[in-house]
Structures are given as C-alpha cells and as structure tokens.
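Observations on chain architecture
Okay, here's what each chain looks like letter by letter:
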Amino acid sequence: MDEIKRSVLRSPADVRGFADFDGPLYYAPTGFIDHADDPNTLPLAGSRRGFSALEIIRRRDGGGAESMILPLLALEGWVQNSGRVDEINNVLDRLMAKRPEYAGLDMATCHVMGIINVTPDSFSDGGDYNTTSDAVARGRAMAKAGASILDIGGESTRPGAANVSEDEEINRVVPVIRELAADGHVISIDTRHASVMEAALDAGAAIINDVTGLEGDERSMEVAAASGKPVMLMHMQGEPGTMQADPQYDCAVLDVYDYLLDRIESCERAGIARERICVDPGIGFGKTLSHNLELLSRLAIFHGLGCPILLGTSRKSFIGKIDPDADPKQRLGGSIASAVNGWRHGVQMIRVHDVQETVQALSVSSSTSMV
C-alpha cells in the first residue's frame, strides 16, 4: 500500500490524533489561489501563487499514509496543541520564501525548459534532431517560442534504450551546446556521466541535470561541486533499463520526498549550497500510473525542501496509460494538462517537448488566475 488516505475528521479528538503523533509529519500546501489580494493565503515560494490550507501527512504502520487538511485559519490552534511550533514555523518559512535566482533566472515565475534530444532512440523524438544543425535550429526555435532553458541530452534513458559510450555522448551534445551557448541561451546538460558533465560545462552549459541525482557516476558529485554551477536532482527508482519492472514504495510521495531531502543534504556536505539545487520528483522513472498521479496531486509538498522544483511530464507513458490510443506525439493534451497542474502547485520549471503550446497554456492560466 502506497497511497495517502485523507482522514475524515469528525471530532476534536481526531485532530488531536495528528497533534499527538510522535513520528515525522509532512506538510503539503493546498487550496491554491492567486494570493496577492487575499489576506487568508500565504505566498507559495515567493510567487503570486498562494495556498490557503496545509495537508498534514503521517505514515501508517504497514505502509501508506494518512492525512488531514487544515485551513490556515485553523492552523495556529493545532500548532499550539501539537508542540511543533518551531517545526511548523520552519516549514512555513521554507514554503513561503522566494527562491534565489537559479542560473540567472527569476524563480518567482514559472519557466519552460525545452527538450533537445540529440539521439536516435529517445522515446518520443528519437532521430528528429540527430544532427548538430537540426538540434541547434530546434533550440533556437524553442528559445524564440519562450523557452528559458534548453535541455540537451545525448543518451536516451527510456527503458530498454541502447547503451551509449561517454565519448559518443560527448560528440553528440558538445557541438550543439557550444553553438546555443554562444547565442546566449541558458543550457542544461542532461547526463548521468561525469565526463559528459565536464565537457558540456566547458562548452558553455550552465546547469547539470542528472536523472540519477548525482549518484550514477562516482565522480559526479565532485564535478558538480567544483563547477559552481546549479544542479538538478531527480528521483529514480532503479536504473533506466529496469526501472519500470514492478516499482514498489511504502508511500511514493513521502519516499520520494525523503530521497530528495537526503540527496540535498549529501550535496550540501559536498559543498553544493542548497541555493544551487533544484529537485525533480521524476515522473515516470520507476513509478506506476498510481505513483505518478499521487505525486502530481501533491507536487507542492516538495516546496518544503526549500529548492526550486522541476517537473517533467511531457509525452510520458502515464498519459498513454490514461489514453491508450495516444502514441507519444499524440499526448500534447495530457502534457499541457499536467504542466498547468504543475503551475498550480507553484513549480518553477517545466520540461517539455512542445514549448510554444505550453508557454501559451501557462500564459492563459496565469492571466485568468488574476481576474
């Protein structure tokens, strides 16, 4: 069992049951609204998005978790009874605080990251931009359409993808990075190999985006720390070749949260400041449809880590499980719906194949939220 059950609170004793719980509690903002003109909300990570309630979650013996939702107006009384005053104040500080600039980008707004796979076998666009000229043209078009970051990768991490040598990966990505960085674009290198990170940074990449959370190569942490560049830490259960072979969690949302917290603390010990870290819950990486939907419904919990959040759902297989007739390039509707859901939860970066459509959807969503 890995889902979170919302408790039906029928009496003050039910609420006190959470207050008396002696294990760790987790806090997911909810009740989202544009907070600028609403005194009953708090700002979400320093943005215009606000939250009016907290979902308070605790693990259950035997797996899974349960939660209760408290409006902010009722939170103070619960906090006083819980004996967790300092804990809640620290949580609220992390949830509310504006994130520092990340790779020179203002984190009070939601940025779109354009995916450029310089590969023959990526799951949805393998071979589409497999030459330097095609990939560079694609990157320039994405930037013109509104992408703040261009994410360049030379190795497919889909299940069953062929292995690629590090030299081949470098040969694929470095010429593309060099040209697009020379244009002045913010480039992230999507790799799990330290030597590729080094070559990409030398070519002008500004961000390291590692699906293994800097665990896939024993030199990755050292390279990232020495570079001084921002890093993106993603959660993945297992490794790409086998990650979808019956993934299991006690509670997917809380297990992913704990993993990312552990990786942040490991980075800090290695000399990578939290201000340089972005977290990614890894939708589709070692997760069933149920796990993915649980994570998407509680994305805001990751603001409690005090880092910007990256969300990648574009064209992924969970959309195909909901709409089995849609092949990867027919999943635009699901991709946009999940991107807008991410924006509602205050994520700062959304990784997509379809930049123009996503930028338009986010623009409309943010405009209508202020009416």
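Figured I'd write up the structure that's included with this text. (Residues numbered from 1 in each chain as written. Predicted model: local features only at pLDDT ≥ 70, side-chain atom pairs only at ≥ 80, totals over all residues. Heavy atoms only, no water.)

Observations concerning unusual backbone geometry
Keep this limit in mind: For the purposes of this entry, the term helix denotes a DSSP run of H or I that reaches at least four residues, the term strand denotes a run of E that reaches at least two, and both are numbered from the N terminus.
At A45, a residue that is not glycine, the phi angle is positive and equals roughly 55°. With respect to the helices, strands and loops of the structure, A45 is situated in the loop between β3 (42-43) and β4 (49-59). The backbone of A103 sits at a positive phi, close to 55°, despite the residue not being glycine. In this structure, A103 sits in the loop between α3 (85-96) and β6 (111-117).

A word on the state of the cysteines
Note the cut-off: Here, a disulfide means two cysteine sulfur atoms that sit within 2.5 Å of each other. Whether a residue is buried, partly exposed or exposed follows from its accessible area with a 1.4 Å probe, protein chains only, as a fraction of its type maximum: under 20%, in between, or over 50%, in that order.
By the definition in use, this model includes zero disulfides. Here C110 is not cross-linked by a disulfide; its sulfur's nearest cysteine counterpart is in C278, at 11 Å. With no disulfide of its own, C278 has C307 as its nearest cysteine by sulfur position, at a separation of 7.7 Å. Under the relative-accessibility criterion, C278 is labelled buried at 0%.

Focus: the packing of aromatic side chains
Condition: Stacked, tilted and edge-to-face are the three classes applied to pairs of Phe, Tyr and Trp rings, where Trp contributes its six-membered ring and a pair requires centres within 6.5 Å; stacked means planes under 30 degrees apart, edge-to-face means over 60, and tilted covers the rest. Criterion for a charge above a ring: Lys NZ or Arg CZ within 6 Å of the ring centre, and within 35 degrees of the ring normal.
Under the definition given, this model contains two aromatic pairs. Seen in terms of ring centroids, Y26 and Y257 are 5.7 Å apart; in terms of plane orientation they differ by 90°. Their pairing is edge-to-face. One end of the pair, Y26, is in strand β2 (residues 25-34); the other, Y257, is in helix α8 (residues 252-269), and 231 residues separate them in sequence. The buried category is assigned to Y26, whose relative accessible area is 7%. Where Y257 meets F302, the ring centres are 6.1 Å apart and the plane angle is 25°; that geometry is what we call stacked. Within this pair, whereas Y257 is found in helix α8, its partner F302 is found in the loop between α9 (289-297) and β12 (310-312), the two being separated by 45 residues in sequence. Across the pair, exposure class does not vary: Y257 and F302 are buried alike. Each member of the aromatic cluster is reached from another via a ring pair, and the members are Y26, Y257 and F302. Above the face of the W343 ring, R49 is positioned so that its terminal group lies 4.2 Å from the ring centre.

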